[in-house]
Amino acid sequence: MKFFRNMSITRKMILICLNICLLPLIIGFMFIYNLYVTRLNEHTMEFAQAFNAQITANLNHMLQDYTGISVSVLVDSELFFYSEKTERTVTEIVRDKENMQKVLFRIVTLQPKVKTIGILM
């Protein structure tokens, strides 16, 4: 208080003006800054969730397309047994082809998504 009494009137006026003007200004800036930070965090989280949902939807769509394009069916060793024989008679060849057609027909009936079947041997 002694320091304030010894100051000149102009310095006292400047100090009072600074207190009247700067303190509300600093308090207002701090309030606006805190409000901006919380809003920025909320919007960032919303954007991240929307971005995550879009990525998930795109991946699910891609997996559905891929599943629709190529469906792999694992068949037991029947087809391999038919292909391993090298020397066969005509009747064995016809019987093996009939058996292969039965296996392929079973695949088509059990998996309705399969539209075409290719046998790689």
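Residues numbered from 1 in each chain as written. Predicted model: local features only at pLDDT ≥ 70, side-chain atom pairs only at ≥ 80, totals over all residues. Heavy atoms only, no water.

Draft legend 1. The arrangement of the overall build of the chain in detail. The helix and strand tally for the chain stands at four helices and zero strands. Listed by position from the N terminus, the elements making up the chain come as α-α-α-α. Across the 121 residues of the chain, 8% fall into the buried class. Across the chain, the fraction of contacts at a sequence separation of at least 24, relative to all contacts at a separation of at least 6, is 40%. For the chain, the computed accessible surface area is about 11200 Å², with 66% contributed by carbon and sulfur atoms. (Helix = DSSP H or I, 4+ residues; strand = E, 2+ residues; numbered from the N terminus. Buried < 20%, exposed > 50% of the residue type's maximum accessible area, 1.4 Å probe, protein only. Contact = heavy atoms within 4.5 Å. Areas by Shrake-Rupley, 256 points an atom, 1.4 Å probe, with all protein chains shown as cover.)

Draft legend 2. Inspection of the packing of aromatic side chains at higher detail. All told, the structure shown has one aromatic pair when counted by the stated rule. Between the aromatic rings of Phe47 and Phe51, the centroid separation amounts to 6.1 Å while the plane-to-plane angle is 15°, which identifies the pairing as stacked. Of this pair, Phe47 and Phe51 both sit in helix α2 (residues 9–69), four residues apart, roughly one helical turn. (Phe/Tyr/Trp six-rings, centres within 6.5 Å; stacked < 30°, edge-to-face > 60°.)

Draft legend 3. Seen up close, helix α4 (residues 90–110). For α4, which comprises 21 residues, the first-to-last C-alpha distance of 30 Å matches the rise-based estimate of 30 Å (1.5 Å per residue) to within 8%. Regarding α4, the residues found buried are Asp96, Met100, Val103 and Ile107. Burial along α4 is one-sided: seen end-on, the buried residues are contained in an arc of 60°. Summarising the geometry of α4, the exposed residues directed more than 90 degrees from the buried face are Val90, Thr91, Lys97, Gln101, Lys102 and Phe105. (Expected span 1.5 Å × (residues − 1). Arc of directions from axis to C-beta.)

Draft legend 4. Focus on the confidence of the model for the chain. Looking at the chain as a whole, its pLDDT mean stands at 78, while 76% of the residues score no less than 70. Averaged pLDDT values over the elements of the chain bottom out at 60 in helix α3 (residues 78–84) and peak at 87 in α2. (pLDDT = per-residue confidence, 0-100.)

Draft legend 5. Quick peek at the state of the cysteines. The full count for this structure, using the stated rule, is zero disulfides. For Cys17, which is in no disulfide, the shortest distance to another cysteine sulfur is to Cys21 and amounts to 4.0 Å. Given the relative accessible area of 43%, Cys17 is considered partly exposed. Classification of Cys21 by relative accessible area gives partly exposed; the value is 47%. (Disulfide = S-S within 2.5 Å.)

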